[in-house]
Amino acid sequence: MGRFVARSLLTAALVGIACTAAWGGPQRRVAQATATLARPDAPVAYEAELKAGESTTTLTIHLSRSAAASAFVLERPDRVVVDLPVVNFQIGDDAGRKGAGLVRSFRYGLFTPGRSRLVIDLTQPSTVEVENAPGTQDGHVRLTVKLSKIDRAAFARSAQEGRSAAPPTPQHALPASDSRPLVVIDPGHGGIDPGARARNGQLEKNLVFDMALALKEKLAATGRYRVLMTRDDDVFVALADRVKFARRAQADLLISLHADALASHDGVRGASIYTGSEKASDAYAARLAESENKADAAAGADAGNEILDDVNDILADLTRRETRTFAHRFAKTLAGDLGSAVPMHKSPLRSAGFRVLMAPDVPSVLVELGYLTNTNDIALLTSDAGRAKASAAIVAAVDGYFARRGLP
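Rules and cut-offs
Residues numbered from 1 in each chain as written. Predicted model: local features only at pLDDT ≥ 70, side-chain atom pairs only at ≥ 80, totals over all residues. Heavy atoms only, no water. Buried < 20%, exposed > 50% of the residue type's maximum accessible area, 1.4 Å probe, protein only. Helix = DSSP H or I, 4+ residues; strand = E, 2+ residues; numbered from the N terminus. Arc of directions from axis to C-beta. Polar contact = N/O pair within 3.5 Å; in protein donor to acceptor, adjacent residues only side chain to side chain. Pairing = 2+ DSSP bridges. Axes fitted to C-alpha atoms, helices over the stretch in contact; angles between N-to-C directions. Contact = heavy atoms within 4.5 Å. Phe/Tyr/Trp six-rings, centres within 6.5 Å; stacked < 30°, edge-to-face > 60°. Lys NZ or Arg CZ within 6 Å of the ring centre and 35° of its normal.

### Description of helix H6 (residues 283–292)
Given 3.6 residues to a turn, an α-helix orients residues that are three or four positions apart in the same direction. Turning to H6, its buried residues number three or more, namely Tyr 284, Ala 285, Leu 288, Ala 289 and Glu 292. The buried residues of H6 occupy an angular sector of 135° when the element is viewed end-on, so they sit on one face. Residues Ala 283 and Arg 287 are exposed on H6 and point more than 90 degrees away from its buried face. A distance of 3.1 Å separates the backbone nitrogen of Tyr 284 from a side-chain oxygen at the start of H6, and that oxygen is part of Asp 282.

### With respect to the sheet that holds strand S11 (residues 226–229)
Taken together, six strands build an open sheet; the order of strands is S11-S10-S12-S15-S13-S14 and the sheet is mixed. Pairing within the sheet leaves two strands with one partner each, and these edge strands are S11 and strand S14 (344–352). Neighbour to neighbour, the strand axes of the sheet diverge by 20° on average, direction disregarded. Pairing geometry for strand S12 (residues 253–260) and strand S15 (residues 364–371), over six bridges, is parallel. Bridge assignment links Ser 256 to a residue of S15, and that residue is Leu 366. H6 contacts S12, strand S13 (271–276), S14 and S15 of the sheet and is inclined by roughly 65° relative to S14.

### Describing the sheet that holds strand S7 (residues 115–122)
Each strand in a sheet pairs with another by means of backbone hydrogen bonds, the pair being arranged parallel or else antiparallel. Spatial strand order, S3-S4-S7-S6: four strands in an open sheet with antiparallel pairing. Two strands close off the open sheet at either side, each with one partner strand: strand S3 (70–74) and strand S6 (103–112). Strand-to-strand, the axes of this sheet are offset by a mean angle of 20°, without reference to chain direction. In this structure, S3 lies alongside strand S4 (residues 79–84), joined through five bridges in antiparallel fashion. For Ser 70, the partnering residue across the bridge sits in S4 and is Asp 83.

### What to know about the packing of aromatic side chains
Across all of its chains, the model carries seven aromatic pairs by this definition. Geometrically, the ring pair formed by Phe 330 and Tyr 401 is edge-to-face, given 5.4 Å between the ring centres and 70° between the ring planes. Here Phe 330 is found in helix H8 (residues 313–339), whereas its partner Tyr 401 is found in helix H10 (residues 384–405), with 71 residues between them in sequence. Taking the relative accessible area as the measure of exposure, Phe 330 reaches 0% and is therefore buried. Its guanidinium or amino end placed over the ring of Phe 111, Arg 117 lies 3.8 Å from that ring's centre, counting from NZ or CZ. Above the face of the Phe 326 ring, Arg 405 is positioned so that its terminal group lies 4.0 Å from the ring centre.

Functional significance is not addressed by these values, which are geometric in nature.
Written out as structure tokens, the structure is:
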């Protein structure tokens, strides 16, 4: 049987542009991913220094060799973005968590294949100057990012120019179509956006990527599904690009994988399943969606407000209603199957305005696999046995969902 009728009527109008990239083979550990993605000839960043004056602040990155850099600024929140070629960052995971002067914090990492990014959160509007200068060691250089106070109006003008200066994200090649249902797996975060941090220091982006690989392998092994991932490596993918990728591929289901974290380690644990809605089911779901929706800003990307930019509002609304009905059905099925394999949160089914779930024509759910502030959940997410149980349960839910929809 074909996809539901509303999609068939709207396929031509609803196709978006895929803006994510697959590059190389996936790696399961941070060090391996860094070695693969950062290329043997990439400059190495081995130290970062932050110095604050009365009206200026300077961030200096020590590099093994020169790296061409360009910078622009963005508003809401105020940020400086420095784009670089691929850089092998070896300055420690904690660097940038504490700021000084005009710098609230900064982060760094792979942004897209072939490009690294440094994002600086500002305490107030600033101008930016970037230059490479000879370092104290032979052949080494200092990449200096100098920030100076500026008034809000001038900063706003610079930010507007920065939006047009930001380079586009590369396209993603899609396989030839066949009649099997297509499941898109979305490993949350990635690249410069690490997500939450576990109590043992591990990062959400790596833990959910491992789970995504296990799920992809099991789904593909059934022979019943085509399977794609929104990212195949440790790269950043904007939220809207994840949605557009699934839509362009005409996915039948999108499963976004995440792992939650709490401010305090109060023993809360268990998986939760979220569907998209304009009104959150509860205050916690609303806060979580707000946090997840900031991923683009954290990576120095502009988060567009429109998922649909060329579709009739009435038709889109009808499609969206039917799509969300399917999403709710899958979420209920998944809660039952996943609950038989791993611990679930006391309120496992929730909804909120997650941008990654806003595709009007692709049933989408977001799975919080557990809490990185709970040692038992961390143990499950980091063990082969735990990943095998969870991924097998998700496959069972996918089987049940498509069986009930009558798709082959």
